[in-house]
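If you want the building blocks of each chain, they are given just below.
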Amino acid sequence: MERVTFDLASTPLREVNGYLHRLPGGDQSHVDVKNPDGAHNIAVGLDQPVTVEIHGHAGYYAGGMNKQASVIVHGSAGTGVAENMMSGKVHVKGFASNGAGATAHGGLLVIDGDAGLRCGISLKGGDIVVGGSVGSFSAFMAQAGRMVICGDAGDALGDSLYEAVIYLRGEAKSLGADARFEPMTDADLKTLGDLLAAAGMDHDPKSFKRIASSRSLYHWNADANQEY
Amino acid sequence: MCGIVGLLVKTPALKQQLGQLMVPMLIGMTERGPDSAGLAVFGEPLEGSARKLSLYSGLTDDGADFNWHGLTHALKEHLSVDAQIEVKHNHAVLTFDVSPDMIKKWLREHHPRLHILSTGQTIDLYKDIGTPTQVAERYGFASLTGSHLVGHTRMATESAVTPDRAHPFTAGEDFCLVHNGSLSNPYGVRRKLEPFGIHFDTDNDTEAACRFLEWRLREGDDLETALQKGFEELDGFYTFLMGTPDKLALIRDPFACKPAVVAETDDYVAIASEFRSLAHLPGVKHAKVFEPAPEEMYVWNA
């Protein structure tokens, strides 16, 4: 298979992203990006089943709006990695900053290390597996999709959740409004087992707890006196 | 938006390269802060009771043509003070061995538009409007030496683009602070401090945080206690990076709204808003790179 290397120390990022955007339909080639040095917007808006390996730390929005492609960051990722991903896979081998996988509609985001605050905020159908812990306000207003946290979570996990489901292995500092622990069903164990396998994480699904919405915020309650 | 950078060298040999290592860090943050730039550098302390002031003449009528040597002559004549002066463009470091309050009072009376950037035994402070590249060249940042420094690139949101509103801000002696973010209660903090006789130079929100923390340190709090009170008192978005003669300290607001990343090796601790300002540092590929957590204190000793 063809393998192309770009060195961001000598090649403008626009040239790299332009190359990736112009690939022919169905292209499954393999692209290496060297010396990313924290540049923003690496491999954003891809729409071919190409594999892109970023060798170092990426800046903001790496793999953002991804479709079909597989983007691997051999380092950490800045704010908004895989933001609004539609399909494909983004794998961060280090840690990810705030807003990882925000609004993702599809695809799989894997973060081997920790994720910052607001991970999976407004998730719309994508899957996120975090090997470490996530910061506060993660899965805020998450509408659809699954979020797996192998470590701990900060404050207000799953605040104002819709129909996304969270699987948490460690402890949450606090759950957000309307989020609640629920028993794990056989279907949950199967789903979680598949997600962990896809992410390459070796944990027993039975060691996780399920968090989902109690749906009490779905309808306006005039008697609640704003006490949520 | 703004950019912050900080560098503390652990290996004594690197003290000579402090400025050289830092300039690309500062320039790397140009997109986050293109309108002004500045830095405070901490070096060997002056001996005995000697003090130095960093002064800025850019707001005077003479600007960079300010008569600095006339100033030292006048200090000799009026106050019988032997002061040494080191001039770079519209900036000078004035060194003397008397009470800095006496000199500052005289300066305010005789040169009210001469801006006093900093006071102390270890700190030199530079800031001006212009891109980070322009400001770094204007003052020869690449040749600065010392143990640690705090730098800033500014994209103003809370007050006008003027040299005195650029960062770092300073208060008291040998203390400075840079800020990425915006405070929501700076006037409340000012109203609390003004009855104690604390004077403000500008209407900038960061100055309120700087003077609040320096006030706590002056009242006897250690740095950690002062920062804890800062968490309780200061409301808004912030990543603050502070410098004292022997420490760099960093805190982020509870929502981590403003970024920060740290790279640490056996030779140095480097802090920046984004990794792209750290990417050029020697050995950074093998550094311990991490993101400081919100509402935690990070203090590094020089």
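The shown structure was predicted, so the numbers you read here are calculated from the model rather than taken from an experiment.

Each value, and the rule that gives it
Residues numbered from 1 in each chain as written. Chains lettered and ligands numbered in written order. Predicted model: local features only at pLDDT ≥ 70, side-chain atom pairs only at ≥ 80, totals over all residues. Heavy atoms only, no water. Contact = heavy atoms within 4.5 Å. Buried area = accessible area lost by both parts, 1.4 Å probe. Polar contact = N/O pair within 3.5 Å; in protein donor to acceptor, adjacent residues only side chain to side chain. Nonpolar A, V, L, I, M, F, W, Y, C, P; charged D, E, K, R; others polar. Helix = DSSP H or I, 4+ residues; strand = E, 2+ residues; numbered from the N terminus. Phe/Tyr/Trp six-rings, centres within 6.5 Å; stacked < 30°, edge-to-face > 60°. Lys NZ or Arg CZ within 6 Å of the ring centre and 35° of its normal. Buried < 20%, exposed > 50% of the residue type's maximum accessible area, 1.4 Å probe, protein only. Domains from an automatic or database assignment. Salt bridge = Lys/Arg side-chain N within 4 Å of Asp/Glu carboxyl O. Pairing = 2+ DSSP bridges. Axes fitted to C-alpha atoms, helices over the stretch in contact; angles between N-to-C directions. Parallel < 35°, antiparallel > 145°, perpendicular 65-115°, else oblique. Left-handed = near helix turned anticlockwise from the far one by under 90°. Patch = residues over 30% accessible without salt bridge, like charges linked within 9 Å, V, L, I, M, F, W, Y side chains within 5 Å. Areas by Shrake-Rupley, 256 points an atom, 1.4 Å probe, with all protein chains shown as cover. Arc of directions from axis to C-beta.

Chemist: Is there a simple way to explain the interface of chain A and chain B in this structure?
Modeler: Size of an interface: often given as the accessible area lost when the parts come together. With 13 residues of chain A at the contact, the number on the chain B side is 16 residues. Of all residues in chain A, A:Asp37, A:His57 and A:Phe95 give up the largest surface area on contact with chain B, accounting jointly for 36% of the area buried on that side. If you look at where chain A meets chain B, you find six residue pairs in polar contact (both at pLDDT 80 or more). Its residues placed into classes, the side of chain A that touches chain B shows five nonpolar, six polar and two charged.

Chemist: I'm lost on unusual backbone geometry in this one. Help?
Modeler: Comment: phi is negative for the bulk of residues other than glycine, and the bulk of peptide bonds are trans. Here the amide bond leading from B:His167 into B:Pro168 is cis, since omega sits at 0 degrees, within 30 degrees of zero. Tracing the chain through its elements places B:Pro168 in the loop between strand 8 (148–154) and strand 9 (169–170). A positive phi angle, close to 70 degrees, is found at A:Gln68, a residue other than glycine. Residue position: A:Gln68 is located in the loop between strand 3 (51–55) and strand 4 (70–73).

Chemist: Any chance you could explain the packing of aromatic side chains here in plain terms?
Modeler: The way to describe two aromatic rings as a pair is by their centre distance and the angle between their planes. Residues and elements named next belong to chain B. The tally for this structure, following the rule as stated, stands at 13 aromatic pairs over all chains. Ring-pair connections join several aromatic residues into one group, and the members of that group are Tyr126, Tyr139 and Phe141. A cation over a ring is seen here: Arg211 above Phe200, with NZ or CZ 5.8 Å from the ring centre. The ring centre of Phe290 lies 4.8 Å from the NZ or CZ of Lys288, which sits over that ring.

Chemist: Looking at this structure, I do not really get the side chain of B:Thr239. What am I missing?
Modeler: With respect to the element layout, B:Thr239 can be found in strand 11 (residues 236–244). You can call B:Thr239 buried: its relative accessible area is 0%.

Chemist: Explain the domain arrangement of chain B here, please?
Modeler: All names here are of chain B. By domain assignment, chain B separates into domain 1 (2–43 + 131–301) and domain 2 (46–121). Taken over C-alpha atoms, the centre of domain 1 sits 25 Å from the centre of domain 2. Taken residue by residue, the interface counts 10 residues in domain 1 and 14 residues in domain 2. For the pair domain 1 and domain 2, the two sides together bury roughly 1000 Å², of which 53% comes from carbon and sulfur. Area buried by domain 1 at its contact with domain 2 is led by Tyr139, Pro163 and Glu173, which between them contribute 47% of it. Linking domain 1 with domain 2 are one salt bridge, by the criterion used here. Residues Arg51 and Glu173 are paired through a salt bridge, measuring 2.7 Å at the closest nitrogen-oxygen approach. Applying the counting criterion to the domain 1 and domain 2 interface returns five residue pairs in polar contact (both at pLDDT 80 or more). Across the side of domain 1 that touches domain 2, the residue classes tally to three nonpolar, two polar and five charged.

Chemist: Help me understand the side chain of A:Ser97 in this model?
Modeler: With respect to the helices and strands, the residue A:Ser97 is situated in the loop between strand 5 (89–92) and strand 6 (108–111). Among the residues examined, A:Ser97 registers a relative accessible area of 6% and is labelled buried. Looking at A:Ser97, its side chain comes within polar contact range of the side chain of B:Glu291, at 2.4 Å. Those residues in contact with A:Ser97 that sit more than four places away from it in its chain are A:Ala77, A:Gly78, A:Thr79, A:Gly116 and B:Glu291.

Chemist: Before we go on, may I ask you to explain the sheet that holds strand 8 of chain B in this structure?
Modeler: By way of backbone hydrogen bonds, the strands of a sheet pair with one another, either parallel or antiparallel. Residue and element names in this part refer to chain B. Here we have seven strands laid out as an open sheet, ordered 7-2-8-1-14-13-15, and antiparallel in their pairing. Every other strand in the sheet has two partners, leaving strand 7 (123–129) and strand 15 (288–290) as the edge strands with one partner each. When the angles between neighbouring strand axes are averaged without regard to direction, this sheet yields 10 degrees. The sheet contact formed by strand 1 (residues 2–9) and strand 14 (residues 268–272) spans five bridges and is antiparallel.

Chemist: Just checking my understanding: could you explain the packing of helix 5 (residues 186–193) of chain B against helix 6 (residues 205–218) of chain B for this structure?
Modeler: A packed helix pair is summarised by two numbers, namely the angle formed by the two axes and the spacing between the axes. Residues and elements named next belong to chain B. Their axes nearest at 9 Å, the elements helix 5 and helix 6 cross at an angle of 40 degrees. Taken as axis vectors, helix 5 and helix 6 run oblique relative to one another. Considering how the two elements wind past one another, helix 5 and helix 6 form a crossing that is left-handed. Between helix 5 and helix 6, the residues in contact are Pro186, Val189, Arg190 and Leu193 and Asp205, Ala208, Arg211, Phe212 and Trp215, respectively. In terms of residue class, the contact of helix 5 with helix 6 is made up of six nonpolar, no polar and three charged.

Chemist: Would you mind showing me how to read a nonpolar patch on the surface here?
Modeler: Residue and element names in this part refer to chain A. On the surface, a cluster of nonpolar side chains totalling about 250 Å² of accessible area is made up of Met141, Tyr162 and Tyr218. With respect to the secondary-structure elements, Tyr218 resides in the segment after strand 11 (209–213). Residue Tyr218 is classed as partly exposed on the basis of its relative accessible area of 34%.

Chemist: What's the story with helix 7 (residues 223–233) of chain B in this structure? I'm lost.
Modeler: Residues and elements named next belong to chain B. Of all the positions in helix 7, only Leu223, Ala226, Leu227, Gly230 and Phe231 are classed as buried. Down the axis of helix 7, the smallest arc covering the buried residues is 150 degrees, so these residues share one side. Those residues of helix 7 that are buried lie in contact with helix 6, strand 11, strand 12 (247–252) and strand 16 (298–301).

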